[in-house]
Amino acid sequence: EGGDPPRGSLAHSLPLGQEAIVNLPVEDFKAALGRAKLSGAEVALARDIRRRGKNKVAAQKCRRRKLEALAGLREELGRLGEEKERLLRARGQAEVALGTLRRDLAAVTAQVLGALREGGGQPLPPELGGLERGWGSDGGVG
């Protein structure tokens, strides 16, 4: 490092400004460096400026993509929250309807069993015995 000039003075000797160094296509950048007859330190500095500039742009794009992804996730979270509420309401309505159906089924079953007994006062034949057991909470014969 002892004999190298300071970076600031080297940067002033470059034929391109920092923005051009960073934004030029790679072939144009190499051509500009070749035409300028730069020292090894100047070429190294130009490449370092380009690398750091490209990294800065990449970091900015990465941060922007991250923020966009977060915004998308927040939007999806809101949509899923609304869907959950809708499904919970539908579930509640289905449970009410199921309760009504079970009550109606129990009433019809009681009417059928009562009518069968009234017919002659005799017990039901064994093949209809399942009707006496009623319906279980799962909706099947119990």
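Residues numbered from 1 in each chain as written. Predicted model: local features only at pLDDT ≥ 70, side-chain atom pairs only at ≥ 80, totals over all residues. Heavy atoms only, no water.

Under an unreviewed UniProt entry, the name given to the protein is NFE2 factor, and the source organism is Rostratula benghalensis. Within the UniProt record for the protein, the comment given under Sequence similarities (unreviewed entry) is "Belongs to the bZIP family. CNC subfamily." (UniProt positions renumbered as here; feature names shortened; annotations may be inferred.)

Participant: When you look at a nonpolar patch on the surface in this model, what are you seeing that I'm missing?
Facilitator: On the surface, L67, L70 and L73 cluster together to form a nonpolar patch covering roughly 290 Å² of accessible area. For L67, the position within the fold is in helix α4 (residues 40–118). A relative accessible area of 59% places L67 in the exposed class. (Patch = residues over 30% accessible without salt bridge, like charges linked within 9 Å, V, L, I, M, F, W, Y side chains within 5 Å. Areas by Shrake-Rupley, 256 points an atom, 1.4 Å probe, with all protein chains shown as cover. Salt bridge = Lys/Arg side-chain N within 4 Å of Asp/Glu carboxyl O. Helix = DSSP H or I, 4+ residues; strand = E, 2+ residues; numbered from the N terminus. Buried < 20%, exposed > 50% of the residue type's maximum accessible area, 1.4 Å probe, protein only.)

Participant: Would you mind going over the environment of A36 with me for this structure?
Facilitator: Assignment of secondary structure puts A36 in helix α3 (residues 26–36). Given the relative accessible area of 27%, A36 is considered partly exposed.

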